[in-house]
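# Residue-level structural notes
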Amino acid sequence: MYNIKNVKIFGAGLMGKNIAYVMASNPEFEVTLYPIKEQDPKEGIRRNTRELVENGIITSEEVEKHLKRIHFTTDIDHSAIKNTDLVIEAVFEDMDIKRKVFKDLEERCSKEAIFCTNSSVMSPSEISKNLKFRERFVGTHFWNPAHLIPLVEVIKSDATTDNVAQTMMDIFEAVGKKPVLCRKDVPGFIGNRMQHALWREAVYIVEQGIADAKTVDDAVKYSFGLRLPQLAPLENADMVGLDLTYNIHKTVLSDLCDSHEPSPLLEKLKDEGKLGFKSNEGFQKWTKDEQERLSSDLNKYLIKMLYDK
């Protein structure tokens, strides 16, 4: 059994700071965030948790207690890195960068340390391919915003031991997350496979002229999207009956998009520089105020759903 006390978050962007905050909720953990480029990284965490404070879910004093357990360094040879029991990597989604991070860490960390990658789609087996102690490597996919979304997917690589996977399941449960185990290292793991199957069909409906983008989104928001938090797909199938589910699939599945390539419409928009919020236009046009409101409304919705605030 692993004795986890010293936790290192490698990557101090939005995901890294929020993961550090989550892990610091366990008073037994000392958390170190690396590398730090901001002058005051604590202010970033305060900013990310401000809505929780404003809604009375946590007090500013409790946030400060979390922050006292979070340390910061720009030195990869710092003693806090060498003495780590658990590393959670949250750097840019680039295979070469991630492999180099773990190569550098394996040279410095204890031979008992557990290594985790927060990649949302990249294979833990491939990321850890060149490591010596691959049995201690596991995928741990937090969902953004990491301090609000409960789910963490624990993904076994082709070498991860059951003990390491279960240790991470236990740790995430102890810090208030909802961990789920992905038994096989497959692209997209569990959640993103389902999410992007839906996105593929949504794009296809627009591409085929069946409905425009806003109509597609409204159809989700005001129908099955409302009940998904309470009634998940396989629960729904059991509720309506698998015989009915079978008959519906016999009728509709042959007509759904089954392309193994990105949509030509998506490729066209990308090539035209219509990248969504980044360019103020994608499937729809977005003003800066609309972008900020959508992001703010998401956090308010999550807080309402999770905390009834």
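Summarised in this report is the structure supplied together with it.

Calculation criteria
Residues numbered from 1 in each chain as written. Predicted model: local features only at pLDDT ≥ 70, side-chain atom pairs only at ≥ 80, totals over all residues. Heavy atoms only, no water. Phe/Tyr/Trp six-rings, centres within 6.5 Å; stacked < 30°, edge-to-face > 60°. Helix = DSSP H or I, 4+ residues; strand = E, 2+ residues; numbered from the N terminus. Buried < 20%, exposed > 50% of the residue type's maximum accessible area, 1.4 Å probe, protein only. Pairing = 2+ DSSP bridges. Right-handed = clockwise from strand over helix to strand, strands pointing away. Lys, Arg positive; Asp, Glu negative; His and termini not counted. Salt bridge = Lys/Arg side-chain N within 4 Å of Asp/Glu carboxyl O. Contact = heavy atoms within 4.5 Å.

### Thoughts on the packing of aromatic side chains
In the structure shown here, the tally under the stated rule is 5 aromatic pairs. Plain terms: the ring middles of phenylalanine 102 and phenylalanine 137 are 4.7 Å apart, the flat faces sit at 75° to each other, and that makes the pair edge-to-face. You can see phenylalanine 102 sitting in helix 6 (residues 95-108) and its partner phenylalanine 137 sitting in strand 6 (residues 137-142), a full 35 residues away along the chain. Accessibility expressed as a relative area gives 0% for phenylalanine 137, which makes it buried. Here a set of aromatic residues connected by ring pairs shows up, and it is made of Phe102, Phe115 and Phe137.

### Regarding the pairing of strand 1 (residues 6-10)
In terms of burial, strand 1 is a largely internal element, 4 of the 5 residues being buried. In this structure, strand 1 lies alongside strand 2 (residues 30-34), joined through 5 bridges in parallel fashion. Paired with asparagine 6 across the two strands is glutamate 30, which belongs to strand 2. Crossover handedness for the path strand 1 to helix 1 (residues 14-23) to strand 2: right-handed. Pairing between strand 1 and strand 4 (residues 86-89): 4 bridges, direction parallel. Across the sheet, the residue bridging to lysine 8 is valine 87, located in strand 4.

### Brief notes about the pairing of strand 7 (residues 151-156)
Burial of strand 7 is extensive: 5 of the 6 residues sit out of reach of the surface. Looking at chain direction, strand 7 and strand 8 (residues 178-182) are connected through 5 bridges and run parallel. Within strand 8, the position partnered with glutamate 153 by the bridge is valine 180. Of the crossover connections in this fold, the one passing from strand 7 over helix 8 (residues 162-174) to the parallel strand 8 is right-handed.

### With respect to the side chain of glutamate 201
Tracing the chain through its elements places glutamate 201 in helix 9 (residues 191-207). This buried residue, glutamate 201, is left without a salt bridge; arginine 200 holds the nearest opposite charge, at 5.9 Å. When neighbours within four sequence positions are excluded, glutamate 201 is seen to be in contact with Leu256 and Cys257.

### Some details on the environment of valine 7
By the element assignment, valine 7 lies in strand 1. When the C-alpha positions of valine 7 and lysine 304 are compared, they lie 30 Å apart, and in sequence the two are 297 residues distant. Discounting residues that sit within four places of it in the chain, valine 7 has contacts with Met23, Phe29, Glu30, Val31, Thr32, Thr84 and Leu86.

### Here's the deal with unusual backbone geometry
Each neighbour pair has its own omega, and for tyrosine 34 with proline 35 the value is -15°, a cis peptide bond. Mapping proline 35 onto the fold places it in the loop between strand 2 and helix 2 (41-48). For the bond running from asparagine 144 to proline 145, omega is 0°, close enough to zero to count as cis. Looking at the secondary structure, you find proline 145 in the loop between strand 6 and strand 7. Positive phi values are uncommon outside glycine, yet phenylalanine 189 reaches one of about 55°. Within the secondary structure, phenylalanine 189 sits in the loop between strand 8 and helix 9. Although it is not a glycine, aspartate 308 sits at a positive phi angle of roughly 55°.

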